[in-house]
Amino acid sequence: MQKEIVVTKHSPSVREIQFATPNLSNTRITSGKSSSSRPLISYRNIVAAFDFLSKHGDVEPFIESAWPHLLSHFGKQVNIVLEVLVYPEGGPNLIGWIQSQSTDLDDAMNKYFSFEDNWYLDNLNRVTTKFHFNIES
């Protein structure tokens, strides 16, 4: 069973929740409700995600600037899940999993490629860290 905790940004009160919750891998932690100006962001392994975000201040503004473009390519039902993946050769990377509501994988991939071609690749240089968007359908 998955619990859900709603937070606003990564604040000191969230850190208290982190340590009070013994098994965060079964907890979906979100930033509240999405809107046309603010994304709905969930976290996998919130401790690692918040650590990464606290060290790389350019990621959150980049995600926020991507939001209108994500909405235009994926529609209003898009969500983002942030997850830190650690690669042996390159260290930690933060992945912004774009959760498309499309049930057709080809459709979701086409939307991702359109987002990539029309905004993401042109703006990727604004993030100096190891942050990447990817699709999760």
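Now for a description of the structure that goes with this document. Please read all numbers here as calculations on a predicted model, not as lab measurements. Position labels on residues start from 1 in each chain and follow its written sequence. Confidence filtering applies because this is a predicted model: local features only for residues at pLDDT of at least 70, side-chain atom pairs given and counted only at 80 or more, and all residues used for totals across whole chains, interfaces and linings. Working from all heavy atoms in the structure, the side-chain values ignore hydrogens and water.

## What to know about the pattern of salt bridges
In the sections that follow, a salt bridge refers to a side-chain nitrogen of Lys or Arg positioned within 4 Å of a carboxyl oxygen of Asp or Glu. Counted by the stated rule, this structure contains 4 salt bridges. For K55, the salt bridge goes to D51, with nearest N and O atoms at 3.2 Å. Of this pair, K55 and D51 are both found in helix α2 (residues 46–55), 4 residues apart, which corresponds to roughly one turn of the helix. The cut-offs for exposure are 20% and 50% of the maximum accessible area for each residue type, with area from a 1.4 Å probe on protein chains only; residues under the lower value are buried, those over the upper are exposed, and the others partly exposed. The class of K55 is exposed, set by a relative accessible area of 57%. According to the relative accessible area criterion, D51 is partly exposed, its value standing at 35%. Between D107 and K111 there is a salt bridge, with its nearest N and O atoms 3.3 Å apart. Of this pair, D107 and K111 both sit in helix α4 (residues 105–123), separated by 4 residues, roughly a single helical turn. Residue K111 is classed as partly exposed on the basis of its relative accessible area of 23%. Linked by salt bridges that have partners in common, R44, E83 and E136 make up one network. Comment: elements are numbered from the N terminus, with helices defined as DSSP H or I runs of at least four residues and strands as E runs of at least two.

## Observations concerning helix α3 (residues 59–74)
One axis fitted to the seven residues ending at a residue, another fitted to the seven starting there: the angle between these axes is the bend at that residue. Approximately 40 degrees is the largest bend angle found in α3, and it occurs at W67, with the proline P68 only one to four residues beyond. Among all positions in α3, only V59, F62, I63, A66, W67, L70, L71, H73 and F74 are buried. Any two residues whose heavy atoms approach within 4.5 Å at even a single point are treated as in contact. Those residues of α3 hidden inside the fold are in contact with β3 (41–44), α2, β4 (79–87), β5 (91–99), α4 and β6 (131–136). Following α3 by one or two positions, G75 has its phi on the positive side, about 90 degrees.

## A few points about unusual backbone geometry
Of note, N45 is a non-glycine position whose phi angle comes to about 55 degrees, a positive value. Tracing the chain through its elements places N45 in the loop between β3 and α2. A relative accessible area of 45% places N45 in the partly exposed class.

## Concerning the nonpolar core
Ranked by size, the top nonpolar core spans 30 residues in total, and within it L70, L82, I98, F115, F131 and F133 carry the most contacts. If you list the elements that add at least two residues to this core, you get β3, α2, α3, β4, β5, α4 and β6. Of the residues forming this core, the biggest block, 8 residues, is contributed by α3. F133 has contacts with F62, I63, A66, L70, I80, G96, I98, Y112, F115 and Y120, leaving out every residue within four places of it along the chain. Take the buried residues of types Ala, Val, Leu, Ile, Met, Phe, Trp, Tyr and Cys, join any two whose side-chain atoms come within 4.5 Å, and each joined set is a nonpolar core.

## Some remarks on the environment of H132
Note on placement: H132 falls in strand β6. The exposure class of H132 is partly exposed, given its relative accessible area of 33%. Along the primary structure H132 and Y120 are separated by 12 residues, whereas in three dimensions their C-alpha atoms are 9.5 Å apart. Residues in contact with H132, not counting those within four places in the same chain, are N93, L94, I95, G96 and Y120.

In short, shape yes, function no, at least from these values alone.
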